[in-house]
Amino acid sequence: MSEQYKLYINGQWIETDETQNVLDKYSQNTYATVYKAGEKQVDQAISSAESAFQNHQLSPYQRYEILKKVSELLSKNKEDLAQTITREAGKPLKQARTEIDRSSQTFEVAAEEAKRISGEGVPVEAAPGSENRMAFTIRVPVGVVGAISPFNFPLNLVSHKVAPAIAAGNAVVLKPASATPITSLKLAELFEEAGLPAGLFNVIVGSGSVVGQQMMEDDRIQLYTFTGSAKVGLKLKQTTGLNKLILELGNNSPVIVDKEADVEQAANNIAQKGFAFAGQVCISVQRVYVHEEIKESFQKKLLDAVKSLNVGDPNDPDTDVGPMIAETEAERAEQWVKEAVDNGAELLTGGERNGPVFQPTVVNNVKKDMKVVCEEIFAPVISLISYSNLDDCIAEVNESPYGLQGGIFTQNLDRAFYAARKVEVGGLMINDSSQYRVDLMPYGGVKDSGSGKEGPKYSIEEMTNERLIVLNLKNG
Ligand SMILES: NC(=O)c1ccc[n+]([C@@H]2O[C@H](COP(=O)([O-])OP(=O)(O)OC[C@H]3O[C@@H](n4cnc5c(N)ncnc54)[C@H](O)[C@@H]3O)[C@@H](O)[C@H]2O)c1
Ligand SMILES: O=C[C@H](O)CS(=O)(=O)O
């Protein structure tokens, strides 16, 4: 019998009239069922959050204690949570374990930040006529935060929304991706164990077009924090009007391998970071621009590293590349690669599909209007592009509508810093690829990759309003 999970609203575990199946993404068998939220439950979750926000104003230290406790509980329940992610997302077990460690850190950093929320002094007395005044700002929570998350990091990307929202003193309604809802419900159990008052964290499961749409249209939600595709992000922006909005969207990450790069370091790094979780990471390496002078040796080393990746069952602790989130997604990747090859690209390795598992693939001689280059592939596919002049290369990198993170491998400081100034991204990694993130850093994109930053310190700024307090004093 498959496992069964309930919604979490106002501190209660709720059953509804409808359920949805959650597939084991490798075997494609149903492994659990989850109750689905209808209009009534979405409304209940938002009103519970609204009244909990008004009735349970936790002190910064209480918020610190609860978040610290959740951080500890995540570590304590690491194995169960990692296996849940492996089953519902198909993420290789070793990468799922890393995700739990990172989530625990995200909660720990958010707990610490809860004690550091502060405003600043404002020198209003410097304005003529205001000599008797003093002013400062405080930061106040926004109220109800609506969080909508993607499938690819079912715990850590949820943590990046929920932990700072609670640290800032808000209440949260979370809608996780419908492919991976169970991890979020397990997180709710941990919040309950950590003593979070009922209603401050609610989890409702259902499709984006129904549950997500209703959330977007509810003006009791003061701030939306969304991670997902640019297509849905745009819809949110158009629907949520003047409400605050943090958008963490897609990318087609560029990495430049300069003629003065450590070629071995670059090749090994790119092989790891282009294919982790089958390339379904928003900062996964997709476009690799290689200087023509080192192209041959880089290509050989890259292919050696890619061919040594273990592909297959995500439950095997040695697996590097497991299934994609759905067979249809693997079919799409296969089709995009085929289209590129039909139009003159050279397939260096990969290209085959077995159900939802798509082999790590490297294509060469690509053209910039091929989908594998100009769209976000979100699959284990890397394209190699030769260049001879750094300025031309950067101009081509910047032609992308996206700008989340990028990377450059070079031992030449001048070229590294030149790229740092010129490449249009939210974060540029030097001697690392685009896929570098630790959870305390500011993280977010420019252009179609979104707006607003994550990283607990930065999210807390977004999730609080600055209020100015002015004292009109009499002469003592
Ligand atoms: N920038 C980042 O930090 C980051 C991180 C992870 C993933 N992503 C991006 O996410 C995408 C992959 O994730 P995905 O397939 O889950 O994305 P998605 O946009 O399909 O879904 C994301 C979430 O939005 C919900 N949703 C869908 N339609 C909606 C609607 N009409 N109204 C409200 N909510 C709706 C989904 O149910 C899900 O919970 C990729 O583009 C990837 O780059 C970005
Ligand atoms: O998928 C995109 C994520 O933001 C990557 S990470 O978990 O933050 O490294």
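The model shown is predicted, which means the values in this text are computed figures rather than measured ones.

Would you mind showing me how to read a nonpolar patch on the surface here?
Taken together, the side chains of Met134, Phe136, Ile138, Leu471 and Leu473 make up a nonpolar region of the molecular surface, amounting to roughly 390 Å² of accessible area. It is strand β7 (residues 133-141) that contributes the most residues to the nonpolar patch, three residues altogether. The residue Met134 is located in strand β7 in this model. A residue is classified by how much of its surface remains accessible, and Met134, at 49% relative accessible area, is partly exposed.

Which parts of the structure should I look at to understand the domain arrangement of the protein chain?
By a widely used convention, the size of an interface equals the accessible area lost when the partners come together. Parsing the protein chain into structural domains produces domain 1 (3-249 + 449-468) and domain 2 (254-440). Here the C-alpha centre of domain 2 lies 31 Å away from the C-alpha centre of domain 1. Across the contact, 32 residues belong to domain 1 and 28 residues belong to domain 2. Contact with domain 2 buries area across many residues of domain 1, yet Tyr26, Phe151 and Ser449 alone supply 24% of it, more than any other trio. At the boundary of domain 1 with domain 2, the tally comes to 11 residue pairs in polar contact (both at pLDDT 80 or more). A per-element tally of the side of domain 1 that touches domain 2 places helix α4 (residues 93-114) first, with seven residues. For the side of domain 1 that touches domain 2, the residue count by class is 13 nonpolar, 11 polar and eight charged.

Which parts of the structure should I look at to understand the site of ligand 2?
Taken together, the residues surrounding ligand 2 are Arg102, Asn152, Phe153, Leu157, Val281, Cys282, Arg437 and Tyr443. In the model, an oxygen atom of ligand 2 is placed 2.8 Å from a nitrogen or oxygen of the Cys282 main chain. Arg437 is positioned such that a nitrogen or oxygen atom in its side chain is 2.7 Å from an oxygen atom of ligand 2. Class assignment of the residues belonging to the shell around ligand 2 gives a composition of five nonpolar, one polar and two charged. Here the shell around ligand 2 spans two domains, since at least three of its residues come from each of domain 1 (3-249 + 449-468) and domain 2 (254-440).

The rules behind each value
- Residues numbered from 1 in each chain as written.
- Chains lettered and ligands numbered in written order.
- Predicted model: local features only at pLDDT ≥ 70, side-chain atom pairs only at ≥ 80, totals over all residues.
- Heavy atoms only, no water.
- Patch = residues over 30% accessible without salt bridge, like charges linked within 9 Å, V, L, I, M, F, W, Y side chains within 5 Å.
- Areas by Shrake-Rupley, 256 points an atom, 1.4 Å probe, with all protein chains shown as cover.
- Salt bridge = Lys/Arg side-chain N within 4 Å of Asp/Glu carboxyl O.
- Helix = DSSP H or I, 4+ residues; strand = E, 2+ residues; numbered from the N terminus.
- Buried < 20%, exposed > 50% of the residue type's maximum accessible area, 1.4 Å probe, protein only.
- Domains from an automatic or database assignment.
- Contact = heavy atoms within 4.5 Å.
- Buried area = accessible area lost by both parts, 1.4 Å probe.
- Polar contact = N/O pair within 3.5 Å; in protein donor to acceptor, adjacent residues only side chain to side chain.
- Nonpolar A, V, L, I, M, F, W, Y, C, P; charged D, E, K, R; others polar.
- Near = heavy atom within 4 Å.

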